[in-house]
Protein chains: 2
Amino acid sequence: MREGLKIFKIGGGIIDDDAQLRQFLKALALVPGRKLLVHGGGKGASQMLQNLGIEPQMVQGRRITDAATLDIVTMFYAGKTNKQVVAGLQAAGVNALGLSGADGNAIRAVKRPVKDIDYGFVGDLPADAVNTQLLYRLLESGLMPVFCAITHDGAGQLLNTNADTIASTLARALATQYEVELHFCFEKNGVLRDVNDDNSVIPQITAAEYEQLKAEGIIAAGMVPKLDNAFAALDAGVERVVIENALRINEPVKTILCQS
Amino acid sequence: MREGLKIFKIGGGIIDDDAQLRQFLKALALVPGRKLLVHGGGKGASQMLQNLGIEPQMVQGRRITDAATLDIVTMFYAGKTNKQVVAGLQAAGVNALGLSGADGNAIRAVKRPVKDIDYGFVGDLPADAVNTQLLYRLLESGLMPVFCAITHDGAGQLLNTNADTIASTLARALATQYEVELHFCFEKNGVLRDVNDDNSVIPQITAAEYEQLKAEGIIAAGMVPKLDNAFAALDAGVERVVIENALRINEPVKTILCQS
């Protein structure tokens, strides 16, 4: 039997709130077994860009990562946020080790090809992006890898990369070695039957049920790409995907996605 | 016989010059065997503090690391500089992995006690600061650790720490496992007999010769604390200390310090 590995992804909301972040890190410290964290950005980088007078570059309504923006997001994600999270986990007794994709060549991305829009220094992840050998060694040494959403192209260029994509790509790649549970943590208690009622969490959704919930319009809008991504990870060998409240990861309330 | 380990320290001057930094990283890639890099700050953080309107806090002529300054130096050193150096080394074929002292609890510091001056969030390194087991595992996995000058106290607080001190503390700690050569790289060709003549490099200095050169006033001013620190490292088991030009590390011109 393969050993278990829990991969957690947290987003901007919790990163921006020091007290909530501390609460999450303490809860994470209580999760037993091998674990890995991926954190998104938060509003700090945008605020700093504004304070420095760097205007957000938008093309056709899409945010572009130009060189100045990449510098700031690298500083924020790989510097401030990543090191605060790592220091917080160390204080909670977890031997965390922060990584960008460049470190140990952990995640090698490809600069997004220019089609209609040039997104700038944004990385897409090919199927073989992850250095599973490195992560296996770190995990088996008792370390908890903590990824920020910065990767590299192997030729010296850092790339801004979607944190959800990093989490699911890591989950797929590590599913060859571990029984992987992928946890998307956000501000809701799970996938809701009624978006206005935080107590309407659907405890479990199979692939067939997901198709029906989409057809009925119960799952719509922003949840669809998130769940499409989640079910794709299940198809690719991830054991279980969990959608849950970042502040309630050790409580039973959550949505568990599974193939059948 | 113990295996060799070369520890390189580079400072601000080279960090601030993209072309020189690339040249150094390419030269570093050619150095055979186990190696580790410690990088200092550079002027970028000061420039950003100024751009953000954060005034340098000075007490009795000494720079203080207040919370706002710590945030920015962490972003710059652990984020921008560390990741650029790591990505540059990866591009040069070196499997570099960036670390602050918090990562893997690599270096645990103590906030400098307040005596005459409160330096703020500055870390001093006790004798047992270094997690040698972690570094041994990384080095034996073929990774090259790249340290920025940020450490932690183990209780969640990041601390700004002198890069020379980090380099010599790492060298002493790792001397128990490796035959360590500590390289201080700067803009001069070595220790100069005539400070105005870059060709007057003293090729080798023993502890006894150092005392004489100090007594004669040939070595003075800024070089004294650097070399005191270097000879203390030799006393503590480091095999050799090298003072050299960051852009000429693979050339024979350099000063080698040894006990006798």
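Since we're looking at a predicted model, the values are computed, not measured.

**Student:** Can you explain the UniProt feature "binding site: substrate" (unreviewed entry) in chain A? Please cite residues and give values.
**Tutor:** Residue and element names in this part refer to chain A. Here the UniProt-annotated "binding site: substrate" (unreviewed entry) positions come out as G41, G42, R63 and N160. Setting aside anything within four residues of it in sequence, one finds G42 in contact with G12, I15 and D16. Examined against the element boundaries, R63 turns out to sit in strand β4 (residues 62-64).

**Student:** Break down the packing of helix α4 (residues 67-91) of chain A against helix α4 (residues 67-91) of chain B for me, with residues and values.
**Tutor:** Direction vectors running N to C along α4 of chain A and α4 of chain B enclose 115°, while the axes themselves pass 7 Å from each other. It follows that α4 of chain A is roughly perpendicular to α4 of chain B by the angle criterion. Where α4 of chain A crosses over α4 of chain B, the two elements pack in a sense that is right-handed. The residues of α4 of chain B that touch α4 of chain A, namely those facing D71, T74, M75, F76, A78, G79, K80, K83 and Q84 of chain A, are D71, T74, M75, F76, A78, G79, K80, K83 and Q84 of chain B. Its residues assigned to classes, the contact of α4 of chain A with α4 of chain B shows six nonpolar, six polar and six charged.

**Student:** How would you summarise the UniProt feature "site: Transition state stabilizer" (unreviewed entry) in chain A if you had to cite specific residues and measurements?
**Tutor:** Residues and elements named next belong to chain A. The UniProt record annotates "site: Transition state stabilizer" (unreviewed entry) at K9 and K226. Annotated residues spanning 218 residues; largest pairwise C-alpha distance 12.0 Å, indicating a single compact cluster. Relative to the helices and strands, K9 is located in strand β1 (residues 4-10). Judged by relative accessible area, which is 10%, K9 ranks as buried. Beyond its immediate chain neighbours, meaning those up to four positions away, K9 contacts V38, A163, D164, A167, H183, F184 and C185. Within the secondary structure, K226 is located in helix α8 (residues 223-235).

**Student:** How would you sum up α4 of chain A? Please name residues and give values.
**Tutor:** Residues and elements named next belong to chain A. Here α4 is 25 residues long and its end C-alpha atoms lie 34 Å apart, about the 36 Å a rise of 1.5 Å per residue gives. The largest bend in α4 amounts to roughly 35° and is located at N82. Once α4 finishes, G93 follows within two positions and takes phi at roughly 90°, a positive value.

**Student:** Please give an account of unusual backbone geometry that cites residues and values.
**Tutor:** Residue and element names in this part refer to chain B. In this model, N105 sits at a positive phi of 55°, which is unusual for a non-glycine residue. The phi dihedral of A221 falls on the positive side, at around 50°, and the residue is not glycine. Looking at the element boundaries, A221 is found in the loop between α7 (207-215) and α8 (223-235). On the accessibility criterion, A221 (66% relative accessible area) is exposed.

Rules of the game
Residues numbered from 1 in each chain as written. Chains lettered and ligands numbered in written order. Predicted model: local features only at pLDDT ≥ 70, side-chain atom pairs only at ≥ 80, totals over all residues. Heavy atoms only, no water. UniProt positions renumbered as here; feature names shortened; annotations may be inferred. Contact = heavy atoms within 4.5 Å. Helix = DSSP H or I, 4+ residues; strand = E, 2+ residues; numbered from the N terminus. Axes fitted to C-alpha atoms, helices over the stretch in contact; angles between N-to-C directions. Parallel < 35°, antiparallel > 145°, perpendicular 65-115°, else oblique. Left-handed = near helix turned anticlockwise from the far one by under 90°. Nonpolar A, V, L, I, M, F, W, Y, C, P; charged D, E, K, R; others polar. Buried < 20%, exposed > 50% of the residue type's maximum accessible area, 1.4 Å probe, protein only. Expected span 1.5 Å × (residues − 1). Bend = angle between axes of the 7 residues up to and from the residue.

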